[in-house]
Amino acid sequence: MLLPSLFGLATMASSCLAASLQQVWNFGSNPTNINMHIYVPDRLANKPPIIVALHPCGGNAQQWFSGTRLPQYADRHGFILIYPSTPHMSNCWDVQNPASLTHGAGGDALGIVSMVNYAIDRYGADRDRVYVMGFSSGGMMTNVLAGSYPDVFEAGAAYSGVPHACFLGAPAATPFSPNQTCAQGLQKTPEEWGNLVRNSYPGYNGRRPRMQITHGLNDWLVRPQCAYESLKQWSNVLGLQLTRQVTSGQWTQHIYGDGTKLVGYLGQGIGHEPAVNEEQLLRFFGIIN
Ligand SMILES: *[C@@H]1O[C@H](CO)[C@@H](O)[C@H](O)[C@H]1NC(C)=O
């Protein structure tokens, strides 16, 4: 009986097991000592795009690797996935840290940008097609990276996050922090939110990341108002107005301008959960048609 079972294993290995999630050491400047994992599919596209995928509080690389179907899409379309992880502050990203909220100043944000540069150098990835997505704390960090590193990320997608710099002035951005003003829906004017982004990289006049903001309307941990505030922020930064809303099932799409640079998805009956529609996300990024 040994041979047939060995044969079974070998067959399985050739038919379903693709590349695996790998830890990378020494990827460059890493001031907060965060960790890097990478998923490089067996069949890599020529000059592959990169998606940085950011876990929620309490998560890690392996958990978020299993948390969406992006790895299966990477196998099919040949893009690279980077899974950063933080062991600090209940595994929450340092989105309140002035260093992460300033271009080139440090924090988790700088370590993540080092991972991107490492992957570009090591795999000949496309510097013009680097994307970031994340859920909850990862969604918050998505907005932080888009604000502090507009030169690195072509587009971002924040799920259940908060605006860039929303936690600035709070001691930490964890569910256990005494100050939840931001997550409870801190409101500012579009101009004030926009200034927080512009002040993160003074003098920068280049292209700004295209943004997709997704949030459940039944989210009591990170209130849906945070999504409306994020949309106010990016509409100000990108200079776009709300043009129309389209409802399909539970989701209402908020389209700014022609919808290629800024779009919101607000979900009726959706709580604090990673409602990632991979195909729709990859279309927004421009990785699939
Ligand atoms: C709470 O955090 C917000 C930012 O999210 C900040 O503006 C405010 O000053 C903080 N409140 C206190 C009492 O520290």
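Source: prediction; values computed, not measured.

Undergrad: What am I meant to see in the pairing of strand E5 (residues 130–135) here?
TA: Successive residues of a regular strand alternate their side chains across the two faces of the sheet. Most of E5 sits out of view: six of its six residues are buried. Residues Val130, Val132 and Gly134 point to one face of E5 and Tyr131, Met133 and Phe135 to the other, with burial holding for every one of them. Looking at chain direction, strand E3 (residues 50–54) and E5 are connected through five bridges and run parallel. Counterpart to Val52 in the pairing with E5 is Val132. What joins E5 to strand E6 (residues 155–159) is helix H5 (residues 137–148), and the crossover it makes is right-handed.

Undergrad: What should I look at first to understand the sheet that holds E3 in this one?
TA: Pairing between sheet strands relies on hydrogen bonds along the backbone, with the strands arranged either parallel or antiparallel. In spatial order, the strands read E1-E2-E4-E3-E5-E6-E7-E10-E9-E8; together these 10 strands make up an open sheet with mixed pairing. In this open sheet, the two strands that pair with only one neighbour each are strand E1 (22–24) and strand E8 (242–248). Averaged over all pairs of adjacent strands, the angle between their axes in this sheet comes to 20°, without regard to strand direction. Sheet topology places strand E2 (residues 35–39) next to strand E4 (residues 80–85); five bridges connect them, and they run antiparallel. The residue of E4 that forms the bridge with Asn35 is Ser85. Packing against the sheet, helix H3 (residues 70–77) makes contact with E2, E4 and E5, and its axis sits at approximately 150° to E4.

Undergrad: Can you help me understand the nonpolar core in this one?
TA: It is characteristic of soluble globular proteins that their nonpolar side chains tend to be buried jointly. Of all hydrophobic cores here, the largest spans 43 residues; its most connected members are Ile50, Val52, Ile82, Met141, Leu145, Phe153 and Phe167. Of all the elements in the fold, those that place two or more residues in this core are E2, E3, E4, helix H4 (107–123), E5 and H5. The dominant element in this core, judged by the number of residues it contributes, is H4, at eight residues. If we skip the residues at most four places from it in the chain, Met141 touches Leu54, Trp93, Asp94, Val95, Ser100, Asp108, Ala109 and Ile112.

Undergrad: I tried to follow the packing of aromatic side chains on my own but got confused; where do I start?
TA: Geometrically, a pair of aromatic rings is defined through the distance of the ring centres and the angle of the planes. As enumerated under the stated definition, the model contains six aromatic pairs in all. Taking 5.2 Å as the distance between ring centres and 55° as the angle between the ring planes, the aromatic pair formed by Tyr39 and Phe65 counts as tilted. Of this pair, Tyr39 sits in strand E2 while Phe65 sits in helix H2 (residues 61–67), placing them 26 residues apart in sequence. Exposure class is identical for Tyr39 and Phe65. Each is buried. Look at Tyr201 and Tyr204: their rings are 4.8 Å apart centre to centre, the planes differ by 20°, and that puts the pair in the stacked class. On the basis of relative accessible area, Tyr204 is assigned to the buried category, the value being 15%. Every member of this aromatic cluster is reached through a ring pair, and the members are Tyr39, Phe65 and Tyr83. For the cation-ring pair, Arg76 lies above Tyr73, with the distance from its terminal atom to the ring centre recorded as 4.9 Å. Lying across the ring of Phe284, Arg210 places its NZ or CZ 4.9 Å from the centre.

Quick notes on the rules
Residues numbered from 1 in each chain as written. Predicted model: local features only at pLDDT ≥ 70, side-chain atom pairs only at ≥ 80, totals over all residues. Heavy atoms only, no water. Buried < 20%, exposed > 50% of the residue type's maximum accessible area, 1.4 Å probe, protein only. Helix = DSSP H or I, 4+ residues; strand = E, 2+ residues; numbered from the N terminus. Pairing = 2+ DSSP bridges. Right-handed = clockwise from strand over helix to strand, strands pointing away. Axes fitted to C-alpha atoms, helices over the stretch in contact; angles between N-to-C directions. Contact = heavy atoms within 4.5 Å. Core = buried A, V, L, I, M, F, W, Y, C linked by side-chain atoms within 4.5 Å. Phe/Tyr/Trp six-rings, centres within 6.5 Å; stacked < 30°, edge-to-face > 60°. Lys NZ or Arg CZ within 6 Å of the ring centre and 35° of its normal.

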